[in-house]
Amino acid sequence: MSRKVLVTGGAGYIGSHVTVELIQAGYDVVVADNMSNCDMTCLEGARKVTGRDDIPFYRIDCCNPDSVRKIFKEHRIDALIHFAAFKAVGESVNSPLKYYRNNLDSFMSVLSAAAENGGCNVLFSSSATVYGEADKQPVTEQSPRKPATSPYGATKQMCEDILQDTVKAGIGIKGMALRYFNPVGAHPSALLGELPRGVPNNLIPYVTQTAIGKRECLSIFGNDYPTPDGTCLRDFIDVVDLAKAHVAAVGRMIDGKMKEDYEIFNIGTGRPVSVLEIVKTFEKVNGLKLNYRFAGRRAGDIMAIWADPSLANEELGWKASRSLEDTLKSAWAWELHLAGKNE
Ligand code: UDP
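Quick caveat, the model's predicted, so the values are computed rather than measured.

Some thoughts on the overall build of the chain
Right, on to step 1. On a plain count of helices and strands, the chain comes out with eleven helices and 13 strands.
Right, on to step 2. Relative to a compact globule of 343 residues, whose C-alpha radius of gyration would be 20 Å, the chain shows 19 Å and is just as compact.
Right, on to step 3. By its C-alpha atoms, the chain is 55 × 50 × 40 Å across when sized along the principal axes.
Right, on to step 4. Put simply, the chain has 343 residues, and 55% of those count as buried.
Right, on to step 5. In the chain, 79% of the contacts between residues at least 6 apart in sequence involve partners at least 24 apart.

Next up, the structure:
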């Protein structure tokens with residue numbers, strides 16, 4: 001009998017890619033999303049890629065426990081992956097209550113519904129942001145969590161703690177937190193990808209939107225950092241690789257292979273790449289010139305962070321495999337798809 005995974009936030013950027021990979025690995029998927037930060041593009045893309053027009057979709061707000069309970073009543077859920085959260089760092093600084101209320105409430109109501117239902121395997125979508133400005137690179141799962149630099153980051157730390165405490169309470173919940181580094185790129189089909197609303201905050205959508213002419217010029221925030229080329233260093237993890245890590249993680253939980261009832265894994269490549277290197281590689285692999293300039297440092301930016309992914313490599317049997325070149329080609333193909341230029 002096939003196993004069923006509830007994906008909250010499954011119509012969004014990462015959630016839709018995870019939905020595709022889970023279905024292609026033989027799982028049944030139920031998607032829940034309130035569509036507050038996306039439209040149906042990516043879920044429709046997931047349906048096309050998998051040939052599954054029948055992916056059950058609940059348009060619900062996970063902050064409402066009754067809505068989540070209804071899903072548990074209608075489906076036997078073996079695992080749930082929780083993506084449903086706000087994710088804009090800058091906005092969280094200006095609207096902290098909105099972030100705390102939404103991100104904590106939605107996770108707690110999902111956990112309550114799972115617990116009431118006799119328990120569940122729960123995978124939480126966490127972030128490298130929980131490490132803050134780490135003293136040593138690369139960061140391992142043992143690196144200390146530093147005080148969060150934004151309410152968004154604080155909600156990631158708090159949700160990790162909420163999950164850990166819920167697991168400890170022994171009410172049938174097993175938990176895992178995957179700490180993502182910088183998810184980038186799009187599905188090779190170009191049918192799903194990142195779809196920011198308004199002016200993008202993140203690097204890659206800003207790059208692709210500049211290349212297509214939606215933005216005039218990319219600002220590279222800071223070229224005076226003590227790094228090899230003066231720009232920041234990040235660990236850019238391809239979104240399909242990232243999605244595959246979720247399949248491995250869900251398999252480990254459902255098959256009872258966890259070593260502890262609460263586990264944490266870094267999901268990254270282990271390779272630091274500079275912002276300038278991203279720009280140069282994007283230009284090279286896509287055969288175009290990008291209008292960019294060096295600007296001042298962005299407030300709150302960390303100079304460098306990258307993962308030590310060896311625990312995930314060993315325990316999940318997962319490793320990032322898509323090249324940066326292919327990832328940046330896919331990001332551009334997605335932008336072209338959105339502009340209707342490759343049809
Ligand atoms: N960045 C940039 N210009 C932009 C957006 C981002 O130079 O328009 C840089 C940013 O300063 C950081 C890196 O790209 O060093 C990654 O930023 P992003 O917002 O994508 O992710 P973060 O690492 O901040 O979560």
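Considering the packing of helix H1 (residues 13-24) against helix H2 (residues 41-50)
Right, on to step 1. Taken N-terminus to C-terminus, the directions of H1 and H2 make an angle of 20°; their axes are 9 Å apart at the nearest point. One finds that H1 runs roughly parallel with respect to H2. H1 and H2 meet at a crossing whose hand is right-handed. Taken together, the residues of H2 that come into contact with H1 (itself represented by Ser-16, Val-20, Ile-23 and Gln-24) are Cys-42, Ala-46, Val-49 and Thr-50.
Right, on to step 2. Of the residues that constitute the contact of H1 with H2, the class distribution is five nonpolar, three polar and no charged.

Looking at the pattern of salt bridges
Right, on to step 1. Applying the stated criterion across every chain yields a total of 25 salt bridges.
Right, on to step 2. Salt-bridge contacts for Glu-44 lead to Arg-47; the nearest nitrogen and oxygen are separated by 3.7 Å. On the criterion of helical spacing, the pair formed by Glu-44 and Arg-47 is a turn pair, its members being three residues apart in helix H2.
Right, on to step 3. With a relative accessible area of 13%, Arg-47 lands in the buried category.
Right, on to step 4. Here Glu-263 and Arg-252 are joined by a salt bridge, their closest N and O atoms 2.8 Å apart.

Structural notes on the sheet that holds strand E2 (residues 28-33)
Right, on to step 1. A sheet is described by the order of its strands in space; here seven strands give the open sequence E3-E2-E1-E4-E5-E6-E11, paired in parallel fashion. What marks the edges here is a single partner per strand, and that holds for strand E3 (57-59) and strand E11 (262-267). Across this sheet, the average inter-strand angle for adjacent strands is 20°, counted without regard to direction.
Right, on to step 2. Relative to E3, E2 is paired through three bridges, and the arrangement is parallel. Its bridge partner lying in E3, Ala-32 is registered against Tyr-58.
Right, on to step 3. Contacting strand E1 (4-8), strand E4 (79-82), strand E5 (120-127) and strand E6 (173-180), helix H5 (residues 96-116) runs over the sheet at an angle of about 175° to E4.
Right, on to step 4. Taken strand by strand, helix H6 (residues 151-168) contacts E5, E6 and E11, and its axis lies near 155° from that of E5.

Focus: the UniProt feature "domain: NAD(P)-binding" (unreviewed entry) in the chain
Right, on to step 1. As annotated by UniProt and renumbered to match this structure, "domain: NAD(P)-binding" (unreviewed entry) occupies residues 6-329.
Right, on to step 2. As annotated, residues 6-329 comprises 40% helix and 17% strand, and the C-alpha atoms at either end are separated by 31 Å.

Topic: helix H3 (residues 65-74)
Right, on to step 1. When H3 is considered as a whole, its buried residues turn out to be Ser-67, Val-68, Ile-71 and Phe-72. Taken down its axis, H3 places every buried residue within 145° of arc, on the same side.
Right, on to step 2. Looking at the buried positions of H3, the neighbouring elements they touch are E1, E2, E3, E4, H5 and E5.

Here is what the cut-offs are and how they apply
- Residues numbered from 1 in each chain as written.
- Predicted model: local features only at pLDDT ≥ 70, side-chain atom pairs only at ≥ 80, totals over all residues.
- Heavy atoms only, no water.
- Helix = DSSP H or I, 4+ residues; strand = E, 2+ residues; numbered from the N terminus.
- Rg over C-alpha atoms; globule rule 2.2 N^0.38 Å.
- Buried < 20%, exposed > 50% of the residue type's maximum accessible area, 1.4 Å probe, protein only.
- Contact = heavy atoms within 4.5 Å.
- Axes fitted to C-alpha atoms, helices over the stretch in contact; angles between N-to-C directions.
- Parallel < 35°, antiparallel > 145°, perpendicular 65-115°, else oblique.
- Left-handed = near helix turned anticlockwise from the far one by under 90°.
- Nonpolar A, V, L, I, M, F, W, Y, C, P; charged D, E, K, R; others polar.
- Salt bridge = Lys/Arg side-chain N within 4 Å of Asp/Glu carboxyl O.
- Pairing = 2+ DSSP bridges.
- UniProt positions renumbered as here; feature names shortened; annotations may be inferred.
- Arc of directions from axis to C-beta.

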